Number of protein chains: 2
Amino acid sequence: MQTLPGFRDFYPEDCARRDYITAVWRKVARRYGFVEYDGPVLEGLDLYRKKNSGGEILSQLFNFTDKGEREVALRPEMTPTLVRMVAAKESHYKKPLKWFSIASFFRYEKPQKGRSREFLQLNCDLLGEGNQAADAEMIALMVDTLRAFGFTEKDVVLRLSDRNAWTEFLREKTGGDASLAEFLQIIDKLERESDESLHEKLGTVGVTLPDVRDFIANGKPSFLTALMADLEARGLSAFVEVDLTIVRGLAYYTGLVFEVFDRSKKLRAVAGGGRYDRLLSDLSDGSVNLPAIGFGMGDVVLGSLIDQVPAAAEAMKAALLLASASEVYVVIADEARRPEALGIVQHLRNAGRRVDFPLVASKVGKQFQNAEQSGAKVAVVIGNEWPVIKLKHLSTRTEETISLEALADRITDLIK
Amino acid sequence: MQTLPGFRDFYPEDCARRDYITAVWRKVARRYGFVEYDGPVLEGLDLYRKKNSGGEILSQLFNFTDKGEREVALRPEMTPTLVRMVAAKESHYKKPLKWFSIASFFRYEKPQKGRSREFLQLNCDLLGEGNQAADAEMIALMVDTLRAFGFTEKDVVLRLSDRNAWTEFLREKTGGDASLAEFLQIIDKLERESDESLHEKLGTVGVTLPDVRDFIANGKPSFLTALMADLEARGLSAFVEVDLTIVRGLAYYTGLVFEVFDRSKKLRAVAGGGRYDRLLSDLSDGSVNLPAIGFGMGDVVLGSLIDQVPAAAEAMKAALLLASASEVYVVIADEARRPEALGIVQHLRNAGRRVDFPLVASKVGKQFQNAEQSGAKVAVVIGNEWPVIKLKHLSTRTEETISLEALADRITDLIK
């Protein structure tokens, strides 16, 4: 009996890493005034058919017919669910909406480094405000999320681009933008194709390769000045670069697009997003019309990046150590005192402490071994000196005696 | 576009409730030294076919054939995944294992009060220790989880029973236990059937209804004394009653079984569990042999019970208020000072505060309205007095002036 290919078990040591990542995501999103939402894991297949983000996702769906003859699918991304939810209750909420979710997604892809068939993703979206202050708030949230893991501008870079800049470029060079979708697809693959091939393809849309290269080197998208000034005022601009080669694969983006990469270029994109100002209107047949910007950040590539950057790996290690299974181990030195020991266990747990103790009578030396392996910092020894309690500091091996009344406060002090 | 029948959207106000419930679950489980694990949402269908918990679950599976021609199913419960994981890596872990998970499950049932097709469940399991101290630790964890929501022994009761007591009863009355499974099924439905029907059915296994009723009224399962003494020493015995009519539906339980009910009897069982000492051995073809005890607690009935008990509802409301979207709202009284305001926003977020501010230039009165609706306790006003900052307490409407250096600490004090 094994997991299905591309699926993961989270043993306690893996789950602790996952919980660390989601706790940081949640903490930073909440600092930005974002509120959490979630939808069902299973949705009607039509939700994805209608949006049709570009074809690839549809071919990767885990879809089937349920016992009620409905065509259903495991969610491959969050945006369709978000748009469905917002469209249904849009009038209940003050704008702008600042919503985030942390959820699992499912894609039938070839399992490989950085890709699994079930993955966790943070999604943050700001709906109802189309200005550059909203763009900057989202970029800042993305950067601060990375900073909270211990990454600096030397480790990661957020590459900004703008589909509108390319639209203007195309209009200027060719007098129209009818071939925009085709043109963006060529730009998307710019770094993976030969000059000959690019020359030929660009020719069909009426553009030359030198002009494209010149625009990438010297083009200044119109949004740049205000957006960068905003990020500068927050002290976050060192994380951000303009890179017009970024256009993103999904069809629904309408303006600003961005991706996060590790500076060492060893990994896939860590996160990505952009503006999708027409999607709510398109999916609600025009009944709801809100500009929107959002991004997603998955746990798989992020986890690799944490392992790769020493400061981030150290920060995670320290957090995991703090979250170890137990803070206190109650040693039962005299089995006749088990009832009193159980009372102490309960007393300390009531005070919020994480407490372990032996479920079977065992030698005191063995119990101290278990105490150390449990991650506890202190052992409380209950024996024939009762009601005097012995407190042993497991790192320094020093000890003190203490009364029941003073115990919980003293331990809380020692743990902090 | 709607959710599928029996599935739920979690709008921010619903998600906050869900996060409150899972935070309490996680907090108490960790106090007991339990560590979190998780498995995939999708498993091979054979995992459930092999365990065959009693037929009903198999008929409620969301199962299908994936793009790789594998028979797969959305998980309907956690125990098979847990047992698969533990059997695969059992030798890596010190015994006893104290593991918990918080995860979504899927059953194609008729949606009704207290039942949805996707639900969240806390699962706690203690593996590798078969004694009554382990039983008591699990019962205490269940009771403390309920206490942490604000329930007292007047609100909830944990009913304990023992399949072994019924086995002994059957042996004593009939000289054997060949008809045990059939007999337990009759006991399980005791309160829902007529005396005539019961008389007839019990007759086929060689037992009389008066003997059964007498055993329920006066029988003392052998585990009772030690287990109750343990819970007494912890001060938790008032939550617990022996009730031999509880036998639980699942086939794999081997001894102690228990369920939690609301005292008002308005709701379905809030939680339930028991010992399954042979399941690991059965599912691993004898290669791993660990005694085990576990329980599950779902979010749907628990949520109804919280709403029904004023102290629990108040505790939740207070927790949700503390977790409101924002703590601080930065009012930009002079739009020319937006860069300075952005610097303050970033400064306060770096200090861990939850901060909101206007993304578009707007009147100061409007901004204060937004501040109050955001849940913020204080407004920081940035205007033409800069670098002097005005701090306004939103509940008392008093204000003070403060320097940038003192700002973050002062706000942190005010929030706490």
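Our structure's up above, just so we're on the same page.
First, a word on scope: everything that follows refers to the structure included in this document. (Residues numbered from 1 in each chain as written. Chains lettered and ligands numbered in written order. Predicted model: local features only at pLDDT ≥ 70, side-chain atom pairs only at ≥ 80, totals over all residues. Heavy atoms only, no water.)

Counting its regular elements, chain A contains 16 helices and 16 strands. Overall, the C-alpha framework of chain A stretches about 95 × 55 × 45 Å when taken along its three principal axes. Here chain A has roughly 17200 Å² of accessible surface; of this, 49% comes from carbon and sulfur atoms. (Helix = DSSP H or I, 4+ residues; strand = E, 2+ residues; numbered from the N terminus. Areas by Shrake-Rupley, 256 points an atom, 1.4 Å probe, with all protein chains shown as cover.)

Here we take up the sheet that holds strand S11 (residues 292-298) of chain B. In a beta sheet, neighbouring strands are held together by backbone hydrogen bonds and run either parallel or antiparallel to one another. All names here are of chain B. Ordered in space as S1-S5-S6-S11-S10-S9-S7-S8, the 8 strands form an open sheet in which the pairing is mixed. Edge positions in the open sheet fall to strand S1 (35-36) and strand S8 (240-242), since each of these has one partner strand only. In the sheet, strand S5 (residues 97-106) pairs with strand S6 (residues 118-127) via 10 bridges, with the strands oriented antiparallel. For Phe105, the partnering residue across the bridge sits in S6 and is Phe119. Across the sheet, helix H10 (residues 224-233) touches strand S7 (156-162), S8 and strand S9 (256-262), and the angle it forms with S8 is around 170°. (Pairing = 2+ DSSP bridges. Contact = heavy atoms within 4.5 Å. Axes fitted to C-alpha atoms, helices over the stretch in contact; angles between N-to-C directions.)

For Arg84 of chain B, the position within the fold is in helix H4 (residues 79-89). Using a relative accessible area of 7% as the deciding quantity, one classes Arg84 of chain B as buried. What Arg84 of chain B contacts, discounting residues up to four positions off in sequence, is Met1, Gln2, Thr3 and Asp9 of chain A together with Pro40, Glu43 and Leu47 of chain B. (Buried < 20%, exposed > 50% of the residue type's maximum accessible area, 1.4 Å probe, protein only.)

Turning next to the environment of Ala319 of chain A. Checked against the element boundaries, Ala319 of chain A lands in helix H13 (residues 310-322). A relative accessible area of 27% means that Ala319 of chain A is categorised as partly exposed.

Residue and element names in this part refer to chain B. At a closest axis distance of 9 Å, the pairing of helix H1 (residues 12-31) and helix H5 (residues 132-148) adopts a crossing angle of 140°. Comparing their axes, H5 and H1 come out oblique. Considering the relative orientation of H1 and H5, their crossing is right-handed. Of H5, the residues touching H1 (which contributes Tyr20, Val24, Trp25, Val28 and Ala29) are Leu141, Asp144, Thr145 and Ala148. Looking at side-chain class alone, the contact of H1 with H5 contains 7 nonpolar, 1 polar and 1 charged residues. (Parallel < 35°, antiparallel > 145°, perpendicular 65-115°, else oblique. Left-handed = near helix turned anticlockwise from the far one by under 90°. Nonpolar A, V, L, I, M, F, W, Y, C, P; charged D, E, K, R; others polar.)

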